[in-house]
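Results of the structural survey
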Amino acid sequence: MKYHVGVISGDGIGPEIVNEAKKVLNAVGTKFDHDFEYEEILMGGCSIDATGVPLTDEAIGQAKAADAVLMGSIGGNTSTSPWYKLEPSLRPEAGLLKLRKSLNLFANLRPAYLYEDLKEACPLRDEIIGDGFDMVIMRELTGGLYFGERETKEVNGVMTATDTLTYSEEEIRRIAVKGFDIAMKRRKKVTSVDKANVLDSSRLWRKVVEDVAKDYPEVTYEHMLVDNCAMQLVKNPAQFDVILTENMFGDILSDEASMVTGSIGMLSSASMNDTKSGLYEPSHGSAPDIAGQDIANPIATILSAAMMLRYSFDLDKEADAVEAAVRQVLKDGYRTVDIMPQEDEKKPYFTQVGCSEMGDLIAGRV
Ligand code: NAD
């Protein structure tokens, strides 16, 4: 089958890591008889240089027309790059915000998976890690506190700031459906996280999630208060499969969950709307400090491409093959510099490779 993939290589290490993800997708194409056709889309600093703006209408049109969009990362050194002397609406990240809005990407999915061979990078104690953990956080991305009315004004002579947290039933329902759909592709467990003992928006959240759950009798679900969830993530992370939550709770919990995996170069993410399309990108930034040196870790981008296969194209076998290839390369002892053990006595057991060789090794194992 033929798939039309929009590719935002972006800035910094973006083009290097995206190149490796394409290598791996091409290996999937050869093995499983698919044809991935790529169309480069300009966004971020490279778009500012070429067109004067971080995202053109033409680029938005290209992204909308693609079956899915794979992205590296955008932005430069925020202290030294001339892009950051521009007004905020013309800076690289304004392009990404505009793209998310144009594609109506209301659901953000971030996995936190502990690789057997990278257990040492996990800051948790061995008895907590146990056999590892494998969860995803499904975060609502376009509503809640970050998008509500806000104001700062003087009230009775005292400066007072107000932010409002609003969710409609419809906004909750569409993200809940995404969460349960993802659970059906995994271990079929949803933990819906809220603060229903205090917040009205959370009480509505709970009610709608319970309603959506009725359509998924195979999925076990539970409610958990957000403060308890923050604790459980470091106490017993293995209990989670899909964590479903609103925007601000998800922002905080997804960073906590990614920290417990121990390595930023390994973490993928997907942003989705209510079509099959989506935007797939690593969780890290454009790492301008190491750009152009062939030392970046491409695994987060390769795993983002695997998510694209699974969630936009329904190619589960193919996604499994990519994830298995990543695990095998790690088992075989290959490491980019960011995941090399620090201790001298351990280094002889591993082979340090660059970005491009890591891509070759993973593609080879697909
Ligand atoms: P960063 O994630 O780019 O880098 C933080 C540190 O992690 C750096 O030391 C970097 O070398 C390292 N690192 C990141 N990815 C790596 C990889 N794949 N392999 C090895 N090491 C890796 O964060 P930052 O330095 O705060 O931001 C740099 C630029 O990226 C900024 O312009 C920022 O706005 C942008 N950014 C973009 C996105 C995005 O495109 N979605 C996300 C976050 C930051």
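Scroll up for the structure.
Let me sum up the structure you'll find in this document. Within each chain, residue numbers correspond to sequence positions counted from 1 in written order. Totals for whole chains, interfaces and linings use all residues, but because this is a predicted model, local features are given only for residues with pLDDT of at least 70 and pairs of side-chain atoms are given and counted only at 80 or more. Water and hydrogen atoms play no part in the side-chain values, which are based on all heavy atoms of the structure.

**Description of the overall build of the chain**
The helix and strand tally for the chain stands at 12 helices and 14 strands. Expressed along its principal axes, the backbone C-alpha trace of the chain runs to roughly 60 × 50 × 45 Å. Residues counted as buried form 53% of the 366 residues belonging to the chain. Whether two residues are in contact is decided by their heavy atoms, any of which lying within 4.5 Å being enough. Pairs at least 24 apart in sequence give 75% of the contacts found in the chain among residues at least 6 apart. Accessible surface, the chain as shown: approximately 16,400 Å² in total, 51% of it carbon and sulfur. One finds the centroid of the 39 positive side-chain charges in the chain at a distance of 3 Å from the centroid of its 59 negative side-chain charges. The way it works is that DSSP assigns letters per residue, a run of H or I at least four long becomes a helix, a run of E at least two long becomes a strand, and they are numbered from the N terminus. Throughout, exposure labels follow a simple rule: accessible area from a 1.4 Å probe, protein chains only, divided by the maximum for the residue type, with under 20% read as buried, over 50% as exposed, and the rest as partly exposed. Per-residue and other accessible areas were derived by the Shrake-Rupley procedure at a 1.4 Å probe size, with only the shown protein chains allowed to occlude residues. Residues scored as charged are limited to Lys and Arg (positive) and Asp and Glu (negative), so that His and the chain ends carry no count. The atoms used to mark charge sites are NZ of Lys, CZ of Arg, CG of Asp and CD of Glu.

**Structural notes on the sheet that holds strand β3 (residues 68–73)**
Should DSSP find at least two bridges between two strands, the strands are regarded as paired. The sheet built from 10 strands is open, its strands ordered β2-β1-β3-β12-β11-β4-β5-β10-β8-β9 with mixed pairing. The open sheet has two edge strands, β2 (35–40) and β9 (220–225), and neither has a second partner. On average, adjacent strands in this sheet sit at an angle of 25° to one another, irrespective of strand direction. Summarising the sheet, strand β8 (residues 189–194) and β9 pair through 6 bridges and their orientation is parallel. Counted as the bridge partner of S192 is H223 from β9. Only the stretch in contact is used when fitting a helix axis, every axis being a line fitted to C-alpha atoms; angles between N-to-C directions are given from 0 to 180 degrees.

**Here we look at the site of the ligand**
Within the structure, the ligand sits among 20 residues, and G76, Y84, G285, A287 and N297 are positioned closest to it. H284 places a side-chain nitrogen or oxygen 3.1 Å from a nitrogen atom of the ligand. Considering the ligand on its own, with 800 Å² of exposed area, one finds that the protein chains cover 68% of that surface. Asp, Glu, Lys and Arg are counted as charged, while Ala, Val, Leu, Ile, Met, Phe, Trp, Tyr, Cys and Pro are counted as nonpolar; the rest, among them Gly, fall into the polar class. A breakdown of the residues in the shell around the ligand according to their chemical character gives 9 nonpolar, 8 polar and 3 charged. Residues are classed as near a molecule or strand on a simple rule: at least one heavy atom within 4 Å of it. What qualifies as a polar contact is a pair of N or O atoms within 3.5 Å, subject to a donor-acceptor requirement within protein and to the restriction that residues adjacent in sequence count only when both atoms come from side chains.

**As for the packing of aromatic side chains**
Ring pairs (aromatic) are described by centroid distance and by the angle formed between their planes. A pair of aromatic rings is counted whenever rings of Phe, Tyr or Trp (Trp by its six-membered ring) have centres within 6.5 Å, and the orientation is called stacked for planes under 30 degrees apart, edge-to-face for over 60 and tilted otherwise. Under the criterion given, the structure shown has 7 aromatic pairs. Judged by centre distance (4.7 Å) and plane angle (80°), the rings of Y113 and Y115 are edge-to-face. A ring pair is formed by Y167 and W205, whose centres lie 5.8 Å apart and whose planes are at 70°; its orientation type is edge-to-face. Placement of Y167 in the loop between β7 (158–163) and α6 (169–184) and of W205 in helix α7 (residues 200–213) is noted, with a sequence separation of 38 residues between them. The burial state of Y167 is the same as that of W205; both residues are buried.

**Overview of the pairing of strand β4 (residues 107–113)**
Burial runs high along β4: 6 of the 7 residues are buried. Both β4 and strand β5 (residues 134–140) contribute to a ladder of 7 bridges, which runs antiparallel. If you follow A112 over to β5, its bridge partner there is M135.

**Some thoughts on the side chain of E171**
On the secondary structure map, E171 appears in helix α6. R174 provides the closest opposite charge to the buried, salt-bridge-free E171, at an N-O distance of 4.8 Å. With residues up to four places along the chain from it excluded, the contact list for E171 reads T142, G143 and T166. Think of a salt bridge as a Lys or Arg side-chain nitrogen and an Asp or Glu carboxyl oxygen that are within 4 Å of each other.

**Section: α7**
Since the α-helix advances by 3.6 residues per turn, residues separated by three or four positions end up pointing in the same direction. To estimate the expected span of a helix, count its residues, drop one, and scale the result by 1.5 Å. With 14 residues, α7 extends 20 Å from end C-alpha to end C-alpha; this agrees with the ideal 20 Å at 1.5 Å per step. Every buried residue belonging to α7 is among S201, S202, W205, V208, V209, V212 and A213, and all of these are buried. Along the axis of α7, the buried residues cluster in a sector spanning 140°; they form a single face. Of the exposed residues in α7, the ones pointing more than 90 degrees away from its buried face are D200 and K207. This arc is built from the directions going out from the helix axis to the C-beta atoms.

**A few points about the side chain of Q232**
With respect to the helices and strands, the residue Q232 is situated in helix α8 (residues 226–235). Looking at Q232, the relative accessible area reads 13%, which means it is buried. Aside from chain neighbours lying at most four places away, what touches Q232 is M224, P237, Q239 and F240.

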